[in-house]
Amino acid sequence: MTFKDLGLSAPLLKAIREQGYETPTPIQEKAIPVILQKKDVLAGAQTGTGKTAGFTLPLLELLSRAKHKTQQHKVKALVLTPTRELASQVEESVRLYGKHLPYKSAVIFGGVKINPQIAALRKGVDIVVATPGRLLDHISQKTINLASVDFLILDEADRMLDMGFVNDIKKVVAILPKERQTLLFSATYSDAIKKLSNQFLKSPKLIEVARANTSSEIVKQAVYHVDKTRKRELLTHLINEGKWQQVLVFTRTKHGANRLSGQLEKDGITAVAIHGNKSQNARTKALADFKKGVVRVLVATDIAARGIDIDQLPHVVNFELPNVSEDYVHRIGRTGRAGNNGEAISLVCVDEDEFLANIEKLIKKDIPKVWLKGFKPDPSIKAEPINMGGNRGARNKPRGRGRR
Ligand code: AMP
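Residues numbered from 1 in each chain as written. Predicted model: local features only at pLDDT ≥ 70, side-chain atom pairs only at ≥ 80, totals over all residues. Heavy atoms only, no water.

## Quick notes on unusual backbone geometry
With a phi angle near 65°, Lys38 is a residue other than glycine that sits in the positive phi range. You can see Lys38 is positioned in the loop between α2 (26-36) and β1 (41-44). Its identity is not glycine, yet Ser203 carries a phi of approximately 30°, on the positive side. Mapping Ser203 onto the fold places it in the loop between α9 (191-200) and β7 (205-208). Accessibility expressed as a relative area gives 69% for Ser203, which makes it exposed. (Helix = DSSP H or I, 4+ residues; strand = E, 2+ residues; numbered from the N terminus. Buried < 20%, exposed > 50% of the residue type's maximum accessible area, 1.4 Å probe, protein only.)

## Structural notes on the sheet that holds strand β9 (residues 247-250)
Here eight strands make up an open sheet; going across it, the order is β10-β11-β9-β12-β13-β8-β14-β15 and the pairing parallel. Unpaired on one side and paired on the other, β10 (271-274) and β15 (384-386) mark the two borders of the sheet. Pairs of neighbouring strands in the sheet enclose a mean axial angle of 30°, with direction left out of account. Taken together, the four bridges between β9 and strand β11 (residues 297-300) define a ladder with parallel strand orientation. The residue of β11 that forms the bridge with Val249 is Val299. In the packing of helix α11 (residues 254-266) onto the sheet, contacts are made with β9, β10 and β11, and the angle to β10 comes to roughly 175°. Contacts from helix α12 (residues 280-292) reach β9, β10 and β11, with the element oriented near 145° to β11. (Pairing = 2+ DSSP bridges. Axes fitted to C-alpha atoms, helices over the stretch in contact; angles between N-to-C directions. Contact = heavy atoms within 4.5 Å.)

## Quick word on the confidence of the model for the protein
Within the protein, residue pLDDT values average 88, and 89% of them lie at 70 or more. Predicted confidence for residues 391-404 stays below pLDDT 50, and this span has 34 contacts to residues more than four positions away or in other chains. (pLDDT = per-residue confidence, 0-100.)

## Brief notes about the pattern of salt bridges
Under the counting rule described, the total for this entry stands at 18 salt bridges. Of the charged contacts in the structure, one is a salt bridge between Lys76 and Asp126, with a shortest N-O distance of 2.4 Å. Taken as a pair, Lys76 in the loop between α3 (51-66) and β2 (77-80) and Asp126 in the loop between α5 (115-123) and β4 (127-130) lie far apart in primary sequence, 50 residues in all. For the residue pair Lys76 and Asp126, the accessibility class agrees, reading buried in each case. Of the charged contacts in the structure, one is a salt bridge between Arg134 and Asp137, with a shortest N-O distance of 3.7 Å. With Arg134 and Asp137 both in helix α6 (residues 132-140) and three residues apart, the pair spans about one turn of that helix. (Salt bridge = Lys/Arg side-chain N within 4 Å of Asp/Glu carboxyl O.)

Right, dumping it as structure tokens:
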């Protein structure tokens, strides 16, 4: 199957070639033809599956087929995302894939000045990618006109619900034209997602590429049992000994993220923290530095990391396990993207047993449990001792849960 077989035309095929994509990913193979048939879509796709191109490409194709000549640069497509980072990245994809087409796009989110956004909207845009809160500000200030919207895309809808955006989304959808095509993407299915889909989508076609609520198969997962007080030391050891150059580390709190990045710096490892208390500019710079390799470690909280898309990110570390199991799936989805191998390591202490059990229940899989020689955990813990660069991964057979 090629992109051409999917029904995309020359300007898009050229942009795809320039990106170096050779074949469509499974979600693209399934979603693109259905979207081109102008059907509503409810897609269960995790991040990293190529879902952004899965909706951006057919959207651009449909816009170019419709040739809205009389409505140049009116907002025809609206993409809603949970976070600023994801909004930026989706809009970047729109520009990238649409570079040989005449459409203009804009990204709209809070935490930055509204005036440049107003100016961009006034000049006229075809595609708007927005987070719900700031979009509502524009709506109430009448600085955006959504009366020509033909396409609504809800990206990472599960996350938008988790973040409490449901009423904001409803307010936005209420003012959109009823005649439109709606696409809803979500990594996980829940009753709330089904309800949202019933409300907003018309006889949607269901598309699923990976089973809902399972972690990506290409990500090698491991639990490293360790005493709480030695987690930082173990992390430094893993980074140094493994010569890891790019690692995304998750902490549960903003304070924890700041503290850990400071400690890593003291250990001689360049690190920066990214979380909701940082200004948008600081977050953008941190992400850019991490992508360029200026800093080796990005320490992030769950919300801040949402939507981060880095090609071939090889290592994700959970410095603490998340107490919300779904976050584990989202976290490890940062690695092993688009067919690349990835490794997700969780540093787990005795207190986190319950979180681990819940995560394993959700992903329906036992994660291999080890401890690194020199970092012996609590004796009550059942795990295999390993050497650095040693036999990890060689014994992937499922074992019993952490503690006896
Ligand atoms: P997403 O799931 O949309 O966040 O995409 C994950 C990554 O896959 C992004 O870095 C894309 O650039 C990349 N990607 C998307 N489609 C393809 C494809 N057909 N072939 C190779 N890489 C792709």
